[in-house]
Amino acid sequence: MENRKVLKSGEFLVDTVEAKDVFITDSIKVSAEIFREMLDVYVYDTADLVHKSALDAVNSFANAEESVKLNAAIEKLTFVAGINVKEVRRCIADRLIENNAYKF
């Protein structure tokens, strides 16, 4: 069971690296502003997934006392400033439609 949680954490790291490679490769063709907005949305969405997986992992092995401390650490480490995801996604889509290009 613990191996699954470790593997799941590894999958998040792989997803992050793959996304970074896609963004970097195609960022030459996309303005820096769109790149930043896409990265903000990705980090915002991924932080929630990492937070959930970390809580699941901690709660699977830690006792109540350890759990409180570890959960507080998880909250601090996975904090991401809130963004208006709907508005940012619409902005990205509008710019890509305007440029008549979708390279992702």
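Residues numbered from 1 in each chain as written. Predicted model: local features only at pLDDT ≥ 70, side-chain atom pairs only at ≥ 80, totals over all residues. Heavy atoms only, no water.

Turning our eyes to something else, we now look at the overall build of the chain. In terms of regular secondary structure, the chain is built from four helices and zero strands. Along the chain direction, N to C, the helices and strands of the chain fall in the order α-α-α-α. Looking at the chain as a whole, 21% of its 104 residues are labelled buried. Contacts in the chain between residues at least 24 apart in sequence constitute 68% of all its contacts with a sequence separation of at least 6. For the chain, the computed accessible surface area is about 7,800 Å², with 59% contributed by carbon and sulfur atoms. (Helix = DSSP H or I, 4+ residues; strand = E, 2+ residues; numbered from the N terminus. Buried < 20%, exposed > 50% of the residue type's maximum accessible area, 1.4 Å probe, protein only. Contact = heavy atoms within 4.5 Å. Areas by Shrake-Rupley, 256 points an atom, 1.4 Å probe, with all protein chains shown as cover.)

With that settled, consider the pattern of salt bridges. Side-chain pairs of opposite charge can arise whenever the charged atoms involved come near each other. Summed over the entire model, instances satisfying the criterion amount to five salt bridges. Here E33 and R95 are joined by a salt bridge, their closest N and O atoms 2.8 Å apart. In this pair, E33 sits in helix α2 (residues 32-61) while R95 sits in helix α4 (residues 85-98), placing the two residues 62 residues apart along the sequence. For E33, a relative accessible area of 47% puts it in the partly exposed group. The class of R95 is partly exposed, set by a relative accessible area of 23%. K52 is the salt-bridge partner of D56, the closest N and O atoms lying 2.8 Å from each other. (Salt bridge = Lys/Arg side-chain N within 4 Å of Asp/Glu carboxyl O.)

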